[in-house]
Amino acid sequence: MAATSLRTEVTELLSGLIRLDTTNPPGNETIAAEYLRAYLEAAGLECELIARSPERANLVTRIKGTGDGPSLLLLGHTDVVLADPSEWQVPPFSGEVRDGEIWGRGALDMKSQVAAGAVAIASLAREGFRPSGDLIFAATADEENGVGFGLEWLCEAHPDAVRADFCVNEGAGERLQFGDDVYYVCSSAEKKSSPFTIRALGRSGHASMPGIADNALVKAAVLIQRIAEFKPEPQIQQEVETFLRTVLGEVPSAATAVELARAVDPVAADLIEPLLSATFSPTMITASQKRNVIPAVSEVTVDCRLLPGQTTEHVEPMIRAVLGGDLAYELEWLESKGGTRSSLDTPLWEAVESFVADTEPGARAVPTCVAGFTDSHWLREAFGTVAYGFFPARTMPPEVAATLIHSADERIPVDDLELGLEWLRHAARTVCA
Ligand SMILES: [Zn+2]
């Protein structure tokens with residue numbers, strides 16, 4: 001009885017949440033915060049709406065701990081990215097339930113996890129759950145655009161509202177099957193986004209007489225080639241080490257890891273390859289504004305992702321060595337973001353493992369480091385929170401989900417939504433009990 005009604009409850013809550021257009025920019029997350037407040041207050045939970053700007057509220061609620069046990073934060077963002085209705089089979093803000101799936105923008109990223117978090121804490125409150133440490137639920141604004149209205153601002157201006165020992169956020173939860181072996185992926189670390197520019201320097205001149213000038217664009221082409229071919233020495237960090245030990249039964253050398261993972265499954269190789277070193281992808285270039293003027297300057301922007309723990313000071317000498325000393329250029333780092341990790345030796349990791357084992361006998365949890373970044377890094381930096389990205393999915397294949405996130409026809413199977421809800425209830429009962 002309880003299980004069926006929670007399934008219906010979370011489905012309806014998610015549909016309603018999708019129907020609120022919180023496209024960011026501009027966000028307008030207050031409508032989602034108020035909608036969740038009405039739902040949570042009906043379960044007897046007191047809610048706080050905390051906003052830097054009235055239309056961009058964050059919602060926080062908690063079941064107060066009775067002792068000094070660890071606190072757990074169930075975190076999610078309520079804003080979504082733009083949806084173009086002409087690309088969709090259903091209106092993107094319909095929240096329609098069709099053939100066992102809930103459709104609409106945010107169904108995967110991440111109103112599903114927000115709805116599941118709200119139902120998890122509401123249902124536990126109704127059941128009289130008395131945690132030892134605080135169980136906290138936060139539905140925050142402004143993750144997709146990240147301009148200071150959401151978790152970043154809460155950590156700084158209202159730290160007591162969101163400080164927690166442990167946090168479950170977005171980031172992973174995919175079910176992988178390699179042969180007969182099943183794994184659920186949990187992200188415990190994030191690479192650091194550290195973009196930089198290379199400014200190739202030359203001398204301008206009339207394009208009809210190339211000999212009198214020194215073409216910066218041609219120099220940039222050479223520098224692009226050098227940085228694109230740069231493959232730093234691979235290294236195995238802790239997430240990949242645990243992944244390989246779980247999947248291969250051993251930890252091979254960094255040089256052979258990708259090859260051995262590929263022998264198990266190409267997906268395993270694709271998963272670990274970008275996690276063995278920093279990556280460098282030149283993505284943008286500017287040069288002359290006129291066809292007949294040879295540019296004196298050409299600027300290349302490189303998307304660079306460092307491993308957790310690596311710093312720009314650490315990789316810059318390698319980059320300069322690769323670019324060489326024969327061409328004049330300047331290197332400038334842009335703003336770095338993310339690059340944090342949480343330990344795997346924690347009660348939250350044990351909760352992930354026990355949930356996976358209960359859900360699918362024989363299945364195992366494996367950690368990963370995500371190439372992008374989520375709001376988890378704000379918590380790790382501000383409070384040393386152990387934050388994982390985990391919202392398990394076993395009905396929708398990960399390769400299908402990957403094509404729907406930030407894209408058309410985003411949807412989630414009700415079965416996966418219910419599984420995610422069970423996971424969050426399990427995490428609350430095991431970690432802060
Ligand atoms: Zn997201």
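Source: prediction; values computed, not measured. (Residues numbered from 1 in each chain as written. Predicted model: local features only at pLDDT ≥ 70, side-chain atom pairs only at ≥ 80, totals over all residues. Heavy atoms only, no water.)

Enquirer: Tell me about the coordination of the zinc ion, and name the residues and values.
Expert: Taken together, the protein ligands of the zinc ion are His77 (NE2), Asp109 (OD), Glu170 (OE) and Glu170 (OE), with distances of 1.9 to 2.7 Å. If you look at the zinc ion, its 4 donor atoms make angles of 52 to 147° with each other, and the shape they trace is irregular. If you list the donors of the zinc ion from N- to C-terminus, the spacing comes out as H-x31-D-x60-E. With a gap of 61 residues between them, Asp109 in the loop between strand E5 (101-103) and helix H3 (111-126) and Glu170 in the loop between strand E7 (166-169) and strand E8 (175-178) connect regions that are remote in the sequence. Take Asp109: its relative accessible area is 9%, and that puts it in the buried class. (Donors = N, O, S within 2.8 Å, 3.2 Å for Na, K, Ca; no water. Tetrahedral: all angles 85-135°; square planar, octahedral: opposite > 155°, others 65-115°. Helix = DSSP H or I, 4+ residues; strand = E, 2+ residues; numbered from the N terminus. Buried < 20%, exposed > 50% of the residue type's maximum accessible area, 1.4 Å probe, protein only.)

Enquirer: So what about the packing of aromatic side chains? Which residues, and what values?
Expert: Within the structure shown, the criterion is met by 7 aromatic pairs. Grouping aromatic residues by their ring pairs yields a cluster made of Phe196, Phe230, Phe280 and Trp333. Note that Arg52 overlies the ring of Phe149, its terminal NZ or CZ placed 4.8 Å from the centroid. (Phe/Tyr/Trp six-rings, centres within 6.5 Å; stacked < 30°, edge-to-face > 60°. Lys NZ or Arg CZ within 6 Å of the ring centre and 35° of its normal.)

Enquirer: Can you break down the nonpolar core residue by residue, with the values?
Expert: Within the largest apolar cluster, 64 residues are counted, with the highest numbers of intra-cluster contacts made by Leu36, Leu40, Leu72, Leu135, Phe137 and Trp423. Among residues more than four places away in sequence, those in contact with Leu135 are Thr61, Arg62, Ile63, Leu72, Leu74, Ile121, Leu124, Phe129, Ala428 and Cys432. (Core = buried A, V, L, I, M, F, W, Y, C linked by side-chain atoms within 4.5 Å. Contact = heavy atoms within 4.5 Å.)

Enquirer: Let's hear about the side chain of Glu170: which residues, and what values?
Expert: Buried charge Glu170 goes without a salt bridge, the closest partner of opposite sign being Arg380 at 11 Å. Here the side chain of Glu170 touches His77 through a polar contact of 3.2 Å, side chain to side chain. (Lys, Arg positive; Asp, Glu negative; His and termini not counted. Salt bridge = Lys/Arg side-chain N within 4 Å of Asp/Glu carboxyl O. Polar contact = N/O pair within 3.5 Å; in protein donor to acceptor, adjacent residues only side chain to side chain.)

Enquirer: Explain the sheet that holds E5 to me, using residue names and the numbers behind them.
Expert: If you walk across this open sheet you meet the 3 strands as E4-E5-E20, and the pairing is antiparallel. Two strands bound the open sheet, and with one partner strand each, they are strand E4 (97-98) and strand E20 (411-413). Bridge count for E5 against E20 is 3 bridges, and the pairing is antiparallel. Paired with Trp103 across the two strands is Arg411, which belongs to E20. (Pairing = 2+ DSSP bridges.)

Enquirer: Run through the side chain of Glu190, naming residues and quoting values.
Expert: By the element assignment, Glu190 lies in strand E9 (residues 181-190). Although Glu190 is buried, it makes no salt bridge; Arg380 carries the closest opposite charge, 4.1 Å away. There is a polar contact of 2.5 Å between the side chain of Glu190 and the side chain of Thr374. Every residue in contact with Glu190, bar those within four places of it in the chain, is listed here: Pro308, Gly339, Thr340, Cys369, Val370, Gly372, Phe373, Thr374, Ser376, His377 and Arg380.

Enquirer: Got a sec to walk through the pairing of strand E2 (residues 58-63)? Specific residues and values, please.
Expert: Of all 6 residues in E2, 5 are buried; the element is thus mostly enclosed. Both strand E1 (residues 47-50) and E2 contribute to a ladder of 4 bridges, which runs antiparallel. From the neighbouring strand, Leu49 faces E2, where its bridge partner is Leu59. Across 5 bridges, E2 lies against strand E6 (residues 135-140) in antiparallel orientation. Along E6, the bridge assignment pairs Arg62 with Ile136.

Enquirer: Any details on the packing of helix H11 (residues 347-359) against helix H14 (residues 414-431)? Residues and values, ideally.
Expert: Where H11 contacts H14, the axes come no closer than 9 Å and their chain directions differ by 135°. As the angle between them shows, H11 and H14 are arranged oblique. Crossing handedness for the pair H11 and H14: right-handed. Contact residues: Pro347, Leu348, Ala351, Val352, Ser354, Phe355, Asp358 and Thr359 in H11; Leu419, Glu422, Trp423, His426, Thr430 and Val431 in H14. Broken down by class, the residue content of the contact of H11 with H14 amounts to 8 nonpolar, 4 polar and 2 charged. (Axes fitted to C-alpha atoms, helices over the stretch in contact; angles between N-to-C directions. Parallel < 35°, antiparallel > 145°, perpendicular 65-115°, else oblique. Left-handed = near helix turned anticlockwise from the far one by under 90°. Nonpolar A, V, L, I, M, F, W, Y, C, P; charged D, E, K, R; others polar.)

Enquirer: Can you lay out the packing of helix H6 (residues 216-229) against helix H10 (residues 312-323) for me, pointing to particular residues and giving the numbers?
Expert: Where H6 meets H10, the axes come as close as 9 Å, and the angle between the chain directions of the two elements is 125°. Taken together, H6 and H10 sit at an angle that is classed as oblique. Relative to H10, the crossing made by H6 is right-handed. Only Ile319, Val322 and Leu323 of H10 make contact with H6, whose side of the interface consists of Leu223, Arg226 and Ile227. A per-class count over the contact of H6 with H10 returns 5 nonpolar, no polar and 1 charged.

Enquirer: Give me the layout of surface pockets: which residues, what numbers.
Expert: What the largest pocket holds in volume is close to 1300 Å³. Lining the largest pocket we find 46 residues, and of these Gly171, Ala172, Gly173, Glu174 and Ile405 sit closest to its centre. Breaking the lining of the largest pocket down by element, the ones donating at least two residues are H3, E8, helix H9 (266-272), strand E18 (364-370), helix H13 (398-404) and E20. Classifying every residue of the lining of the largest pocket gives 25 nonpolar, 10 polar and 11 charged. Taken as a whole, the second largest pocket holds about 280 Å³ of empty space. (1 Å grid on protein atoms, 1.4 Å probe; cavity = no way out; pocket = protein on both sides within 12 Å on 5 of 7 lines; lining within 4 Å. Points joined across faces, edges and corners; volume = space filled by probe spheres on them.)

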